[in-house]
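Given next are the chains, with one letter for each unit.
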There are 2 protein chains.
Amino acid sequence: MTAPAVTQAVTQLPGCELCALAAGQPAPGAQIVHEAEKFVVILADEPNYPGFARVVWRAHVREVSDLADADRLLLNEAVWQLELAVREVMQPLKVNVASLGNVVPHLHWHVIPRYADDAHFPAPVWAQAVRATDPAVLDARRALLPELTRAIGRRFAKQ
Amino acid sequence: MTAPAVTQAVTQLPGCELCALAAGQPAPGAQIVHEAEKFVVILADEPNYPGFARVVWRAHVREVSDLADADRLLLNEAVWQLELAVREVMQPLKVNVASLGNVVPHLHWHVIPRYADDAHFPAPVWAQAVRATDPAVLDARRALLPELTRAIGRRFAKQ
């Protein structure tokens, strides 16, 4: 298996919620904070995880390794810039970065700021929750989201 | 926060199990299948997930975004090659790729072949298991590991 020379043209798969999001349709639970030619950056509406962000590839591509080299590097750069923005503003204890896509097999990356007092730490956010974070702490983290949005804007404007 | 110009020199943190692994100490539950200057590739001993592989950065670095640019791209290339090898040999329904590190904050990437009949599908492998995979199916996947080891060797020899 070798990487394709060119990523297949943008395709929209009917019924795919990330195709719909990338095509500009309203996306409940997601705020688009940056739109690039080949991807969008969103803040997820995850009540326990303010600052949980995603990079969503526009085309309906299944795996990272289905991308052409140049696109793979472009996506990698985007995830890295998003990680930097999340670290800068959210000041997490740890960052978790993942591309899973078992439920929605449309290429997207999760960038998740983690804290010792979050609902699952040190387990992944997909494990069973082990605690409830102090609502005041969550509020304080949520208050950072406008600044996170600006930081993402600044980083992606430079690209 | 900007990326460092040069990733800090290789450091070994006493008590870190991935530092110990990268330094060549026996690693229960992990078979080293490729050793590069800056990273190692291992097959994890995860009974429910034959073909679960990892790239472990040698230096005790915490986040992807703590790496110098050249090292970040080198690591990205390694994870991509590993994903290609896993797809080629294991023929999964989906690949999951993640860098978490909450328990062992030493930079490493998981590359996990996923199947509709695996223990957690479509949830992430860190969620609660929902089924037991047919032992004969797991045996058949396990029988592919020598070929996976050779495929990884071929891919990384080219780099």
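Reference entry: report on the structure contained in this document. (Residues numbered from 1 in each chain as written. Chains lettered and ligands numbered in written order. Predicted model: local features only at pLDDT ≥ 70, side-chain atom pairs only at ≥ 80, totals over all residues. Heavy atoms only, no water.)

1. Points about the environment of Val86 of chain B
Residue and element names in this part refer to chain B. Residue placement: Val86 occurs in helix 2 (residues 69-90). In sequence terms Val86 and Thr133 are 47 residues apart; their C-alpha atoms lie 19 Å from each other. Sequence-distant contacts of Val86, defined by excluding residues within four places in its chain, comprise Gly51, Ala53, Gln91, Pro92, Val111, Pro113 and Leu148. (Helix = DSSP H or I, 4+ residues; strand = E, 2+ residues; numbered from the N terminus. Contact = heavy atoms within 4.5 Å.)

2. Some details on the pairing of strand 2 (residues 39-44) of chain A
Residue and element names in this part refer to chain A. Along strand 2, six of the six residues are buried, which leaves the element largely enclosed by surrounding structure. Connecting the antiparallel pair strand 1 (residues 30-35) and strand 2 is a turn made up of three residues. Examined bridge by bridge, strand 2 and strand 3 (residues 53-57) share five bridges and lie antiparallel to one another. Considered in strand 3, the bridge of Ile42 is made with Arg54. (Buried < 20%, exposed > 50% of the residue type's maximum accessible area, 1.4 Å probe, protein only. Pairing = 2+ DSSP bridges.)

3. Details of the nonpolar core
Formed by 60 residues in total, the largest nonpolar core has its most connected members in Trp109 of chain A together with Trp109 of chain B. Counting 18 residues, the second-largest nonpolar core is a separate cluster that includes Tyr49, Ile112, Val125 and Trp126 of chain A. (Core = buried A, V, L, I, M, F, W, Y, C linked by side-chain atoms within 4.5 Å.)

4. Quick look at the packing of helix 2 (residues 69-90) of chain A against helix 2 of chain B
Relative to each other, helix 2 of chain A and helix 2 of chain B sit at 120°, their axes nearing to 11 Å. Considering the angle they form, helix 2 of chain A stands oblique to helix 2 of chain B. Helix-helix and strand crossings are classified by hand; for helix 2 of chain A and helix 2 of chain B the assignment is right-handed. Taking contact as the criterion, the partners of Asp69, Arg72, Leu73, Asn76, Glu77 and Trp80 of chain A in helix 2 of chain A are, on helix 2 of chain B, Asp69, Arg72, Leu73, Asn76, Glu77 and Trp80 of chain B. Split by residue class, the contact of helix 2 of chain A with helix 2 of chain B holds four nonpolar, two polar and six charged. (Axes fitted to C-alpha atoms, helices over the stretch in contact; angles between N-to-C directions. Parallel < 35°, antiparallel > 145°, perpendicular 65-115°, else oblique. Left-handed = near helix turned anticlockwise from the far one by under 90°. Nonpolar A, V, L, I, M, F, W, Y, C, P; charged D, E, K, R; others polar.)

5. Brief notes about the interface of chain A and chain B
It is common to report an interface's size as the accessible area lost on association of the parts. Across the contact, 39 residues belong to chain A and 39 residues belong to chain B. Buried surface at the junction of chain A and chain B, summed over both partners, amounts to about 3,600 Å²; 50% is from carbon and sulfur atoms. Where chain A packs against chain B, one counts six salt bridges. Inspection of the chain A/chain B interface yields 26 residue pairs in polar contact (both at pLDDT 80 or more). (Buried area = accessible area lost by both parts, 1.4 Å probe. Salt bridge = Lys/Arg side-chain N within 4 Å of Asp/Glu carboxyl O. Polar contact = N/O pair within 3.5 Å; in protein donor to acceptor, adjacent residues only side chain to side chain.)

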